[in-house]
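Residue-level structure breakdown
Okay, here's what each chain looks like letter by letter:
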Amino acid sequence: MTTRQLLLPLLLDVVPTIQQTAALALGRLANYNDDLAEAVVKGDILPQLVYSLAEQNRFYKKAAAFVLRAVGKHSPQLAQAIVDCGALDTLVICLEDFDPGVKEAAAWALGYIARHNAELSQAVVDAGAVPLLVLCIQEPEIALKRIAASTLSDTAKHSPELAQTVVDAGAVAHLAQMILNPDAKLKHQVLSALSQIAKHSVDLAEMVVEAEIFPVVLTCLKDKDEYVKKNACTLIREIAKHTPELSQLVVNAGGVAAVIDCIGSCKGNTRLPGIMMLGYVAAHSENLAMAVIISKAVPQLSVCLSEEPEDHIKAAAAWALGQIGRHTPEHARAVAVTNTLPVLLSLYMSTESSEDLQVKFWQ
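Each chain has its residues counted from 1, following the order in which its sequence is written. Reporting of local features is limited, given that this is a predicted model, to residues whose pLDDT is at least 70; pairs of side-chain atoms are given and counted only at 80 or more, and all residues count toward the totals for whole chains, interfaces and linings. As a convention, hydrogens and water are excluded, and side-chain values are obtained from all of the structure's heavy atoms.

Observations concerning the packing of aromatic side chains
Only the six-membered ring of Trp is used, alongside the rings of Phe and Tyr, when aromatic pairs are assigned; centres must lie within 6.5 Å, and planes under 30 degrees apart are stacked while those over 60 apart are edge-to-face, with the rest tilted. Inspection of every chain in the model, using the stated rule, returns one aromatic pair. Taking 5.4 Å as the distance between ring centres and 75° as the angle between the ring planes, the aromatic pair formed by tyrosine 280 and tryptophan 319 counts as edge-to-face. Note that tyrosine 280 is positioned in helix 20 (residues 272–284) and tryptophan 319 in helix 23 (residues 311–325), a separation of 39 residues in sequence. Think of it in three bands: with a 1.4 Å probe and only protein chains considered, a residue is buried below 20% of the maximum accessible area for its type, exposed above 50%, and partly exposed in between. Overall, the relative accessible area of 15% leaves tryptophan 319 in the buried class. As a reminder, the over-ring test applies to NZ of lysine and CZ of arginine, requiring each to be within 6 Å of the ring centre and within 35 degrees of the ring normal. The side chain of arginine 115 reaches across the aromatic face of tyrosine 112, ending 4.2 Å from its centre. By definition, any uninterrupted DSSP run of H or I lasting at least four residues is a helix, any uninterrupted run of E lasting at least two residues is a strand, and each is numbered from the N terminus.

Regarding unusual backbone geometry
In this model, phenylalanine 214 is joined to proline 215 through a cis peptide bond whose omega is 0°. Note on placement: proline 215 falls in the loop between helix 15 (202–210) and helix 16 (216–219). A positive phi angle is found at glutamate 212, which is not glycine, with a value near 60°. Along the chain, glutamate 212 falls in the loop between helix 15 and helix 16. When its relative accessible area of 63% is taken as the criterion, glutamate 212 is described as exposed. Its identity is not glycine, yet lysine 296 carries a phi of approximately 70°, on the positive side.

Section: the pattern of salt bridges
Only one rule defines a salt bridge in this text: a Lys or Arg side-chain nitrogen within 4 Å of an Asp or Glu carboxyl oxygen. Inspection of the entire model under this criterion finds twelve salt bridges. Between aspartate 154 and arginine 115 there is a salt bridge, with its nearest N and O atoms 3.7 Å apart. Residue aspartate 154 is located in helix 11 (residues 142–156), and its partner arginine 115 is located in the loop between helix 8 (100–114) and helix 9 (118–126); the two are separated by 39 residues in the primary sequence. Judged by relative accessible area, which is 11%, aspartate 154 ranks as buried. Residue glutamate 308 pairs with arginine 271 through a salt bridge whose shortest N-O separation is 2.6 Å. Residue glutamate 308 is found in the loop between helix 22 (297–307) and helix 23, and its partner arginine 271 is found in the loop between helix 19 (255–265) and helix 20; the two are separated by 37 residues along the sequence. For the pair formed by glutamate 308 and arginine 271, the shared burial category is buried. One network of salt bridges, with partners in common, ties together Lys267, Arg271, Glu307 and Glu308.

Re helix 14 (residues 184–198)
Here helix 14 is 15 residues long and its end C-alpha atoms lie 21 Å apart, about the 21 Å a rise of 1.5 Å per residue gives. Of all the 15 residues making up helix 14, eleven are buried; the element is thus mostly covered by neighbouring parts of the structure. Of the positions making up helix 14, those classed as buried are Leu186, Lys187, Val190, Leu191, Ser192, Ala193, Leu194, Ser195, Gln196, Ile197 and Ala198. Residues of helix 14 that are buried make contact with helix 11, helix 12 (160–168), helix 13 (171–177), helix 15, helix 16 and helix 17 (226–240). In the analysis that follows, any N or O atom pair within 3.5 Å is treated as a polar contact, provided that within protein one partner can donate a hydrogen and the other can accept it, and provided that, for residues neighboring in sequence, both atoms belong to side chains. Two or three places before lysine 185, at the start of helix 14, stands the capping residue aspartate 183, its side-chain oxygen 3.4 Å from that residue's backbone nitrogen. Each residue after the first adds 1.5 Å to the expected span of a helix. Any pair of residues with heavy atoms lying within 4.5 Å of one another is described as a contacting pair.

A word on the side chain of arginine 237
Its place among the elements puts arginine 237 in helix 17. In this structure arginine 237 touches Pro273, Met276, Met277 and Tyr280, once residues within four positions along its chain are discounted.

Considering the packing of helix 20 against helix 21 (residues 286–294)
Angles shown run from 0 to 180 degrees and are taken between the N-to-C directions of axes, each axis being a line fitted to C-alpha atoms and, for helices, limited to the stretch in contact. Contact geometry of helix 20 with helix 21 gives a least axis separation of 5 Å together with a crossing angle of 140°. Considered as vectors, helix 20 and helix 21 are oriented oblique to each other. Contacts between helix 20 and helix 21 pair Leu278, Val281, Ala282 and His284 from the former with Leu288, Ala289 and Val292 from the latter. Residues are grouped as follows: nonpolar covers Ala, Val, Leu, Ile, Met, Phe, Trp, Tyr, Cys and Pro; charged covers Asp, Glu, Lys and Arg; every other residue, Gly included, is treated as polar. Residue composition of the contact of helix 20 with helix 21, by class: six nonpolar, one polar and no charged. Orientation is classified from the angle alone, with under 35 degrees giving roughly parallel, over 145 giving roughly antiparallel, 65 to 115 giving roughly perpendicular, and any other angle giving oblique.

Rendered as structure tokens:
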């Protein structure tokens, strides 16, 4: 007998606990790999789940939403199968459920659908999820706040239009208020969502800045959690990259010095967005590059160049140093006096250096 033949009758059982257990079993199977998720789709189980999602008690709703999430996470094709069976409208109704666990399960499933691509994300938006997700981030339960912020991030990341939808629903002000929340996982998601909005355009970056994230976001650069540090650097980078004016705003807030301190306090990939941010700021103008030099970025970037084993981090540091030094002889001298040039030359000559790293020396 197939999984479908075994579990479908149990999903239709008159005893609620049997229905819930069958749904959980299906979710765990679908979660395991995409072949099993595919079997759930081909077994015509999804329509029954979606129907029951609207009708049953909170325990079943959570279990059914878990199955939809477990199927949808694997690929755009499987996520599309969930959309095609009409699940989005029912999941959005669950975002208004009295039980926070049901809201959380629904938000999670919607996030796993939206994360794949712009089309699926647009389907989640069209179903009316975004305003309800913004209400969810205002709920007291931390777990619900985290998942709702994560789903807003996964929705906003694909295009300026989708990010604008999240902004129009009033998300930015509420996200900005949570930057100082003591929960590290929530901060991680909040910073990610703001980054995914700010990255698309000058207008969207300005909307994030207008929510008064400076200077509070700089406190996240001193956080004990590496993900919080990394996402805070990413947010500042996504703002600074757009225009000299936005970069100047970051400089005036003390952002450059704070990012340099952050780079010094961490290792590996956590350093990468901060290194890139320094390069973006310096690239805009002579004055901004000089502000980066005065903040003592060059010695810190030289340390990254020497210390970091990964070529892509060395390449980013080399690129940032190039952006700082390229403006005038004075800028070039500031890079040269730190004894960075011999390190750059040895990396360029090294047979172990990747092509990308070598290319950075010509930029």
